[in-house]
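Structural characterization, general
Residues per chain are reported as follows:
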Amino acid sequence: MTVKPNLIGGQWREGSSSIESINPSDTRESIGHYALADAAQMREAVSAARAAQPAWSATTTQVRSDLLLKTSIELAARKEEIGELVSREAGKTRAEGIGEVLRASQIFQFFAGEAVRYGGENLPSVRPNINVQISRDPVGVVALITPWNFPIAIAAWKLAPALAFGNTAVLKPSEETPGVAWELFRVLERNGLPAGVANLINGRGADAGEALVEGVDALSFTGSVRTGRRLAQSAIANMVRVQLEMGGKNPLVVLDDADLGVAVECALNGSFFSAGQRCTASSRLIVTEAIHDRFVDALRKRMRSLKIGHALAAGTDIGPLINQRQLDMVQGYIRTGRDEGAELVEGGEAFQSGTPGFFMQPALMTATSNGMRINREEVFGPFATVIRAADYDEALALANDTEYGLSAGICTSSHKHANHFRQHVKSGLAMINLPTAGLDYHVPFGGTRASSYGQREQGTYAVDFYTNSKTAYVGY
Ligand code: NAD
């Protein structure tokens, strides 16, 4: 059995144990065995990043830019091969897998540009004979902890800005997707990654908590609220800058004046594509009275036309859930919904589709109220509810009545309501006549309340997290 190692200080290193990654579309298929770093090796990776940081931040920005651009070019050239790996390991359809690799490539390309573009400011002082110069220094060593649902895009949107702005990094990917992370590091290494500048430590979350938070200058985390809260506490206790991107309970409001076809496609895509395993998935469909029944009927019809199955089979619209635990959890929420008085009107069955995998028909529950657990807690699967609203005002109030605030959408032909919604919905992303999921890479990403904490990720805003500003007063 070959165990694929971790990259620590430029050395491919065996771990103290290993983990097998399996294909959620066909559990008989092994993706590979991966070395697991224990807490001691994680500390070693942090030390290696610390040792490499002065030289990396002293390189020209051209050197950093070249590494990122070459990485981008290789990812784009191999998008089908690596995309297939994403599909095999994370259960995404072929189009989604390729699309994610292309997105990672675009992110590396974007930050190859930002590496040479970012700068500071020169201002006159309010006092005589002084100039004020504001420049940006790297934060230092950053820990990056990522989830399984976007195994290459999220790693890219943390690693690329970290390296662009002169930091060194330690990436701990999810235990569910070690193979994609390993492949990404092979690409980085082949394109000139210096020893210690970025380190890969596949490992267990529990080992990462202390080992990563204690020795670093900043921590960027994407994952569940539970893990995020715990990490934030230890980050703050250690004076580590922290950025958290977590869950959502994203509403999609459908008003009477919506284009029915657009609303149904937004709901279908936002709620169920990628098996609903997106932090921006629409899980609460808030629908006003006059369109409610037509919308539910049309959505059910479209749900029945979806092909669920092996992620790489031709024609598959939706692949499996990531593992048995996640499938059981979604099934449990369907039972909870029924106990709460909601009605399952479409889908919901777990099934096998010729291969042993974690498949489920997308589920739609109606007759729900916003106070039910199924409308309060993140389900993270192909599961959506419908909540009736009397009018726009009630729909907006329901949309905002949640502890989360990542993405929120509205389908309407009224400019007045669209504009009001954009201004008053309490979320980091507002989508007008578009699904709640689906983002650009050159603009900031993040939410409010329990969905996010700290500075925004992505686009030109990423520089704020990955650098410290320095204000110099220069007398003349
Ligand atoms: P998770 O919190 O279980 O795991 C995320 C990462 O944290 C993994 O690498 C895991 O190993 C690590 N981890 C777990 N316990 C840890 C600990 N004690 N110390 C340090 N690290 C630890 O989340 P998940 O199940 O992998 O991902 C699903 C969640 O991610 C959902 O809640 C989803 O909404 C969220 N998510 C958010 C975004 C966003 O940008 N807001 C994007 C994708 C996913």
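The text that follows walks through the structure, step by step, so that each part is easy to find. (Residues numbered from 1 in each chain as written. Predicted model: local features only at pLDDT ≥ 70, side-chain atom pairs only at ≥ 80, totals over all residues. Heavy atoms only, no water.)

So, the pairing of strand 20 (residues 407-411)
Counting buried positions over the 5 residues of strand 20 gives 5, a clear majority of the element. In strand 20, alternate side chains face the same way, and those of Ser407, Gly409 and Cys411 on one face and Ala408 and Ile410 on the other are all buried. Where strand 13 (residues 250-254) and strand 20 come together, 3 bridges link them in parallel fashion. Each bridged residue has a counterpart across the sheet, and for valine 254 the counterpart in strand 20 is cysteine 411. Sheet analysis places strand 20 next to strand 21 (residues 429-432), joined by 4 bridges and oriented parallel. (Buried < 20%, exposed > 50% of the residue type's maximum accessible area, 1.4 Å probe, protein only. Helix = DSSP H or I, 4+ residues; strand = E, 2+ residues; numbered from the N terminus. Pairing = 2+ DSSP bridges.)

Observations concerning the sheet that holds strand 1 (residues 3-4)
Strands sit in the order 1-5-4 across an open sheet of 3 strands; the sheet is mixed. Each end of this open sheet is capped by a strand with a single partner; those strands are strand 1 and strand 4 (17-23). Pairing of strand 4 with strand 5 (residues 26-36) involves 7 bridges; the strand directions are antiparallel. Within strand 5, the position partnered with glutamate 20 by the bridge is histidine 33. Across the face of the sheet, helix 3 (residues 79-90) comes into contact with strand 4 and strand 5 while running at roughly 105 degrees to strand 5. On the sheet, helix 6 (residues 178-190) packs against strand 1, strand 4 and strand 5 and is oriented at approximately 55 degrees with respect to strand 5. (Contact = heavy atoms within 4.5 Å. Axes fitted to C-alpha atoms, helices over the stretch in contact; angles between N-to-C directions.)

Considering the packing of helix 4 (residues 94-117) against helix 5 (residues 153-164)
Running from amino to carboxyl end, helix 4 crosses helix 5 at an angle of 10 degrees, the nearest separation of the two axes being 9 Å. One element, helix 4, and the other, helix 5, form an angle in the roughly parallel class. As helix 4 packs across helix 5, the resulting crossing turns out to be right-handed. In this structure, helix 4 uses Glu100, Arg103, Ala104, Ile107, Phe108, Phe111 and Ala115 to contact helix 5, whose residues at the interface are Ala153, Ala156, Trp157, Ala160, Pro161 and Ala164. Residues of the contact of helix 4 with helix 5, tallied by class, amount to 11 nonpolar, no polar and 2 charged. (Parallel < 35°, antiparallel > 145°, perpendicular 65-115°, else oblique. Left-handed = near helix turned anticlockwise from the far one by under 90°. Nonpolar A, V, L, I, M, F, W, Y, C, P; charged D, E, K, R; others polar.)

Describing the pattern of salt bridges
It is possible for side chains of opposite charge to pair when their charged atoms get near one another. Overall, the coordinates contain 23 salt bridges when judged by the stated rule. Notably, a salt bridge pairs arginine 78 with glutamate 74, separated by 2.7 Å at the nearest N-O pair. Classification of arginine 78 by relative accessible area gives buried; the value is 17%. According to the relative accessible area criterion, glutamate 74 is buried, its value standing at 13%. Linked by salt bridges that have partners in common, Glu74, Arg78, Glu81, Glu183 and Arg190 make up one network. (Salt bridge = Lys/Arg side-chain N within 4 Å of Asp/Glu carboxyl O.)

Observations concerning the nonpolar core
Counting 60 residues, the largest nonpolar core has Leu75, Phe111, Ile152, Leu159 and Leu163 as the members making the most contacts within it. Not counting the four nearest positions on each side in its chain, leucine 163 is found in contact with Trp56, Arg64, Leu67, Leu68, Ala169, Leu193, Val197 and Ala198. In terms of nonpolar packing, the next biggest core, distinct from the first, is built from 29 residues, Ile8, Met42, Ile201 and Tyr404 among them. (Core = buried A, V, L, I, M, F, W, Y, C linked by side-chain atoms within 4.5 Å.)

Thoughts on the sheet that holds strand 23 (residues 467-475)
Here 3 strands make up an open sheet; going across it, the order is 6-7-23 and the pairing antiparallel. Since the sheet does not close on itself, it has two edges, and those belong to strand 6 (121-124) and strand 23, each with one partner. Adjacent strand axes in the sheet meet at a mean angle of 25 degrees, parallel and antiparallel pairs treated alike.

A few points about the site of the ligand
For the ligand, the set of nearby residues contains 28 residues, the closest of which are Thr146, Glu175, Ser224, Met246 and Glu378. Within the contact set of the ligand, an oxygen atom lies 2.6 Å away from a side-chain nitrogen or oxygen of glutamate 175. Those elements that provide at least two residues to the shell around the ligand are helix 7 (205-215), strand 11 (218-222) and helix 8 (225-237). In terms of residue class, the shell around the ligand is made up of 13 nonpolar, 10 polar and 5 charged. (Near = heavy atom within 4 Å. Polar contact = N/O pair within 3.5 Å; in protein donor to acceptor, adjacent residues only side chain to side chain.)

Some details on the state of the cysteines
Under the criterion given, the structure shown has 0 disulfides. Among the cysteines around cysteine 411, which has no disulfide bond, cysteine 266 carries the closest sulfur, lying 3.9 Å off. (Disulfide = S-S within 2.5 Å.)

Remarks on the environment of valine 240
If you trace the backbone, valine 240 turns up in the loop between helix 8 and strand 12 (241-245). Leaving out residues up to four positions away in the same chain, valine 240 has contacts with Val213, Val216, Asp217, Ala218, Leu219 and Ala235.

Here we look at the pairing of strand 5
Here 2 bridges tie strand 1 to strand 5, and the two strands are oriented parallel to one another. Looking at the pairing, valine 3 lines up with histidine 33 of strand 5. The turn linking strand 4 back onto strand 5 is made up of 2 residues.

Some points on the packing of helix 1 (residues 39-58) against helix 7
The description of two packed helices rests on the angle between their axes and on the distance between the axes. Two elements in contact, helix 1 and helix 7, have axes whose closest approach is 9 Å; the angle formed by their N-to-C orientations is 25 degrees. Taken together, the axis directions place helix 1 and helix 7 in an arrangement best described as roughly parallel. For helix 1 against helix 7, the interelement crossing comes out right-handed. Taking contact as the criterion, the partners of Ala39, Met42, Arg43, Val46 and Arg50 in helix 1 are, on helix 7, Asp207, Ala208, Ala211, Leu212 and Gly215. The residue inventory of the contact of helix 1 with helix 7, partitioned by class, reads 6 nonpolar, 1 polar and 3 charged.

Some thoughts on the environment of glycine 270
Mapped onto the secondary structure, glycine 270 falls in helix 9 (residues 260-272). Accessibility expressed as a relative area gives 0% for glycine 270, which makes it buried. Residues glycine 270 and alanine 437, spaced 167 residues apart in sequence, show a C-alpha to C-alpha distance of 5.5 Å. Residues within four places of glycine 270 in sequence aside, it is in contact with Arg278, Ala281, Ser282, Pro435 and Thr436.

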